[in-house]
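Take a look at the letters that make up each chain.
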Amino acid sequence: MEETYIPFFMKRCSKCEFPKYRATDYHKDAKSKDKLSSRCKPCIKESKAIWRKDNLDKVRISKQQWRQTPNGREYKKISSANRRARHSTDNFCHKLTKTEWAETKVEFNDLCAYCQREVFLEIEHVIPISDKERTSNAKWNIVTACKSCNSGKHDKTLWVDWVPKNPHPELLRRFPPTKDNKFV
Ligand SMILES: [Zn+2]
Ligand SMILES: [Zn+2]
């Protein structure tokens with residue numbers, strides 16, 4: 001059998017043995033000589049998928065463990081906010097991103113937008129998602145809220161049906177109370 005000549009810049013995947021020219025076809029691997037993994041990206045992806053299929057229990061447990069980490073908890077909050085918005089409104093057009101939620105927390109100094117306490121923060125839609133006509137899942141309608149304020153406000157209208165204990169300046173800037181409102 002004739003050996004195919006492989007120039008030095010060509011790298012053959014150790015699994016599919018298909019020569020791939022570009023370094024981007026391989027994951028980085030600091031331990032290997034050429035700093036690239038021996039198998040190509042699609043091959044690694046495939047074997048990972050097979051492993052996951054054969055190890056459903058392990059996958060489930062590691063997902064559960066990840067959900068308990070700070071990152072996992074934030075992810076859970078965001079995806080649940082997106083899911084709730086998607087299920088209850090017809091004009092769901094925006095998926096809240098991780099960055100937007102992080103920015104929101106910075107804008108509210110990691111405090112509850114309604115009482116300014118520094119506690120575990122939930123994702124709150126100021127115009128509630130039950131108000132299908134006006135609500136939005138976009139960042140302008142998203143604020144931080146503690147559990148107590150979030151459940152206290154529930155689907156009430158800010159300033160009209162419900163007045164927060166100690167509104168954050170950013171909340172006042174975004175949703176200024178009008179003259180007719182009870183808030184002074
Ligand atoms: Zn391969
Ligand atoms: Zn609060």
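As the structure is a computational prediction, the values presented were derived from the model and not from experiment.

### Side note on the overall build of the chain
Thinking step 1. Helix and strand counts for the chain stand at six helices and six strands.
Thinking step 2. Tracing the chain from N to C terminus, the helices and strands come up as β-β-β-β-α-α-α-α-β-β-α-α.
Thinking step 3. In the chain, which comprises 184 residues, the share counted as buried stands at 16%.
Thinking step 4. In the chain, 53% of the contacts between residues at least 6 apart in sequence involve partners at least 24 apart.

### Considerations on the environment of Trp 140
Thinking step 1. Note on placement: Trp 140 falls in the loop between β5 (122-125) and β6 (142-145).
Thinking step 2. Overall, the presence of 12 C-beta atoms within 10 Å leaves Trp 140 in the exposed class.
Thinking step 3. C-alpha separation for the pair Trp 140 and Glu 100, spaced 40 residues apart in sequence, amounts to 9.9 Å.

### What to know about the environment of Cys 43
Thinking step 1. Structurally, Cys 43 can be placed in helix α1 (residues 41-54).
Thinking step 2. Sequence-wise, Cys 43 and Lys 15 are 28 residues apart; in three dimensions their C-alpha atoms are separated by 6.9 Å.
Thinking step 3. Discounting residues that sit within four places of it in the chain, Cys 43 has contacts with Cys 13, Lys 15 and Cys 16.

### Details of the nonpolar core
Thinking step 1. If you look at the biggest cluster of nonpolar residues, it comprises 15 residues, and the most contacted ones within it are Cys 112, Ala 113, Tyr 114, Val 143, Ala 145, Cys 146 and Cys 149.
Thinking step 2. Of all the secondary-structure elements, those providing two or more residues to this core are α3 (70-88) and β6.
Thinking step 3. When residues in this core are grouped by element, the largest group, three residues, is from β6.
Thinking step 4. Discounting residues that sit within four places of it in the chain, Val 143 has contacts with Thr 104, Phe 108, Ala 113, Glu 124, Val 126 and Leu 171.

### Details of the confidence of the model for the chain
Thinking step 1. Looking at the chain, the pLDDT average stands at 88 and 90% of residues meet or exceed 70.
Thinking step 2. At the level of individual helices and strands, the chain shows its lowest average pLDDT in strand β2 (residues 19-20), which scores 76, and its highest in β6, which scores 97.

### A word on unusual backbone geometry
Thinking step 1. The backbone of Glu 17 shows a phi angle near 60°, a positive value even though the residue is not glycine.
Thinking step 2. Assessed through the 9 C-beta atoms surrounding it within 10 Å, Glu 17 is described here as exposed.
Thinking step 3. At Asp 110, a residue that is not glycine, the phi angle is positive and equals roughly 60°.
Thinking step 4. As for its placement among the helices and strands, Asp 110 is situated in the loop between α4 (98-107) and β5.

What counts, and at which threshold
- Residues numbered from 1 in each chain as written.
- Chains lettered and ligands numbered in written order.
- Predicted model: local features only at pLDDT ≥ 70, side-chain atom pairs only at ≥ 80, totals over all residues.
- Helix = DSSP H or I, 4+ residues; strand = E, 2+ residues; numbered from the N terminus.
- Buried ≥ 20, exposed ≤ 12 C-beta atoms within 10 Å, placed from the backbone.
- Contact = placed C-beta atoms within 7 Å.
- Core = buried A, V, L, I, M, F, W, Y, C linked by C-beta atoms within 7 Å.
- pLDDT = per-residue confidence, 0-100.

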